[in-house]
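# Reading the structure
Spelled out, the chains give:
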Amino acid sequence: MVSTSADIGSPKIITNIDIISVRRLIAAGVFCFVALIVAIIVGATGPEVYESVSYNLYQCSDNTHIYTTNCTGFQLYPGGGTWSQTLYPITSLNKFWALQATPYSNNLTSFTSEQVTFLVVIYDEQSNVVKSQNSTQTVVCNTGFGQCNTFTLIDEEDLESIQYSVEISIVSENTTVVGDIDFDVWRNNSSFSSFEIITHLTLLIISAIAIIGFLIAMRSFSLINWAFEQKFLFLLFFGILLANNPFYGIQYATQGAFFPFLNAFFDVIFLSIFALYSLMVLDRIRMESKKVEWDYSTISKIVVVVIFMILGLILFSWINVRDRKDPIIGSATSESGIQALFYLVATVFICILLWILLLVITAFPVAYARQYLFAKYLFTAIPIVVFVLSILIGIIAGTFGPLNPNSLSVMYFNVLNNVFVAIVAYSYWPNANPFHKGVMGSGEEQSLVYQDDEI
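Residues numbered from 1 in each chain as written. Predicted model: local features only at pLDDT ≥ 70, side-chain atom pairs only at ≥ 80, totals over all residues. Heavy atoms only, no water.

So, on to unusual backbone geometry. Here K95, not a glycine, exhibits a phi torsion of approximately 65°, which is positive. Residue placement: K95 occurs in the loop between β2 (83-86) and β3 (97-105). A relative accessible area of 14% means that K95 is categorised as buried. Phi at N107 is positive, roughly 55°, even though this residue is not glycine. Secondary-structure assignment places N107 in the loop between β3 and β4 (112-123). (Helix = DSSP H or I, 4+ residues; strand = E, 2+ residues; numbered from the N terminus. Buried < 20%, exposed > 50% of the residue type's maximum accessible area, 1.4 Å probe, protein only.)

The grouping of I26, V30, F33, V34, I37, V38, I40, I41, V42 and L408 at the surface amounts to a nonpolar patch, some 830 Å² of accessible area in total. Among the elements that take part in the nonpolar patch, helix α1 (residues 22-44) stands out by supplying nine residues, more than any other. With respect to the element layout, V30 can be found in helix α1. Take V30: its relative accessible area is 46%, and that puts it in the partly exposed class. (Patch = residues over 30% accessible without salt bridge, like charges linked within 9 Å, V, L, I, M, F, W, Y side chains within 5 Å. Areas by Shrake-Rupley, 256 points an atom, 1.4 Å probe, with all protein chains shown as cover. Salt bridge = Lys/Arg side-chain N within 4 Å of Asp/Glu carboxyl O.)

Before going further, it helps to spend a moment on the state of the cysteines. Covalent bonding between the sulfur atoms of two cysteines is what defines a disulfide. With the rule as written, the count across this model stands at two disulfides. The side chain of C60 participates in a disulfide bridge whose partner is C71; the two sulfur atoms lie 1.9 Å from each other. Here the disulfide of C60 and C71 is right-handed, its torsion about the S-S bond being about 85°. Separated by eleven residues along the polypeptide, C60 in the loop between β1 (50-56) and β2 and C71 in the loop between β1 and β2 bring together distant segments of the chain. A residue is classified by how much of its surface remains accessible, and C60, at 7% relative accessible area, is buried. Here C141 engages in a disulfide with C148; their sulfurs sit 1.9 Å apart. In this structure the cystine formed by C141 and C148 twists about its S-S bond by roughly 110°; its chirality is therefore right-handed. (Disulfide = S-S within 2.5 Å.)

A separate point is the layout of surface pockets. When its volume is computed, the second largest pocket comes out at roughly 600 Å³. Lining the second largest pocket are 26 residues, and of these F31, I206, N418, V419 and A422 lie nearest its centre. Of all the secondary-structure elements, those providing two or more residues to the lining of the second largest pocket are α1, α2 (190-218), α3 (228-244) and α8 (407-427). By residue class, the composition of the lining of the second largest pocket is 23 nonpolar, two polar and one charged. (1 Å grid on protein atoms, 1.4 Å probe; cavity = no way out; pocket = protein on both sides within 12 Å on 5 of 7 lines; lining within 4 Å. Points joined across faces, edges and corners; volume = space filled by probe spheres on them. Nonpolar A, V, L, I, M, F, W, Y, C, P; charged D, E, K, R; others polar.)

Before going further, it helps to spend a moment on helix α4 (residues 258-287). An ideal rise of 1.5 Å per residue puts 44 Å on 30 residues; α4 measures up with 43 Å between its terminal C-alpha atoms. E288, located one to two residues past α4, shows a positive phi value of around 50°. (Expected span 1.5 Å × (residues − 1).)

Judged by nonpolar contacts, the single largest core of 86 residues is most densely connected at F274, Y277, F349, I356, I391 and F420. Here this core gets 18 residues from one element, more than from any other, and that element is α4. Discounting residues that sit within four places of it in the chain, Y277 has contacts with E229, F232, L236, I384, F420, V424 and Y428. Among the nonpolar cores identified, the runner-up in size contains 34 residues, and C60, C71, I122 and I181 belong to it. (Core = buried A, V, L, I, M, F, W, Y, C linked by side-chain atoms within 4.5 Å. Contact = heavy atoms within 4.5 Å.)

Next up on the list: empty space enclosed by the protein. This model, assessed by the stated rule, comprises one cavity of 30 Å³ or more. The volume enclosed by the largest cavity comes to roughly 90 Å³. Lining the largest cavity, in full, are L271, F308, L315, F316, F342, V345, A346, F349, I395, F400 and L403. For the lining of the largest cavity, the secondary structure elements donating two or more residues are α5 (296-325) and α6 (336-368). Ranked by the residues each element gives to the lining of the largest cavity, the list is headed by α6, at four residues. Tallied by class, the residues present in the lining of the largest cavity amount to eleven nonpolar, no polar and no charged.

If you want it as structure tokens, here you go:
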């Protein structure tokens, strides 16, 4: 048979995977497991995505929605009464602020649906009018003093002032459907935005240092002698630097669509590189191949990944840009167009992930029959399986990529990306390098290297 790591006649670069032992295998697995558990704990205890403050129109001491002498607020009716409120300081990290209204029935005797027009006036910190407009809403109420439907009166993403004041009044004539009103002011949690920025920046610094270390370790070896996986690491390194996103924080200082698009592009590029790496490497193990054959199998892998990359870029860009230009509270796929594209992209990507899992299964008996190949298989297949299962869970939960991110998904998936690249880099780290003299380990470890000469 031929070598799986180097061309015939070329000096072999001895890597960690060539002299791997059970002890080192377990140690690497424990390190990755701990890193992911820490990410889950930190993410699960992280800040909420949104924060809100509630105000009530009647302000009744008994928390009812019937206006009596126990209420310190006032009634809002056509031609009289204006509700006003100064909002707490807003920064660019909040991304947007919105005002939602939930009216209550005004002692209705029957189910009622009525068009009600509100006058909405927004002032900045200098008391200048930022916006003054009528907002016509369909108010649907049950009988009595029950709760009506909730609707949005204000949705502002151009944060040009640090403080805003609002005035709300009813301008519809002869409408009596609205009684008490709950006003909820929503905005993106600045702590969550800071959490995202710190996560990306920290992982960017760590990954950059690790990549520099790997390149220093490999600098004395000719590129011709590099294994296929070591060459592919350049793409993984490129992808992880993009995924960690050195420009992530800049989007909060601008209002344009460029940086949200850039975020989507970086995320999709890394996922595409991961998918292509997994398909290529697992198939090489299954076929016991030492070099890439440009046959229909290889071309089909590339074509499928490119299709996902194009569709994924459209979906991720659409969500990111929409979230920046016109953010909504709730599911990112609540728009019908985004929802349809999401199902299409999810179907394509799930097919790729299932293809990867199929290769993991079919490569097992081939790798198990050869001790050296089995060690390589374990260090290749286990991280891939963990990554694939995590993505599948994220897709099912609807919190993968730009889809409804929260502290847990942001921390876990970003750490998962870096842990995956780290374990691949560790596997193909040269045993002899400027940081290590390359002294061979136990007899068991040495035998794995010598057995490779037979492959």
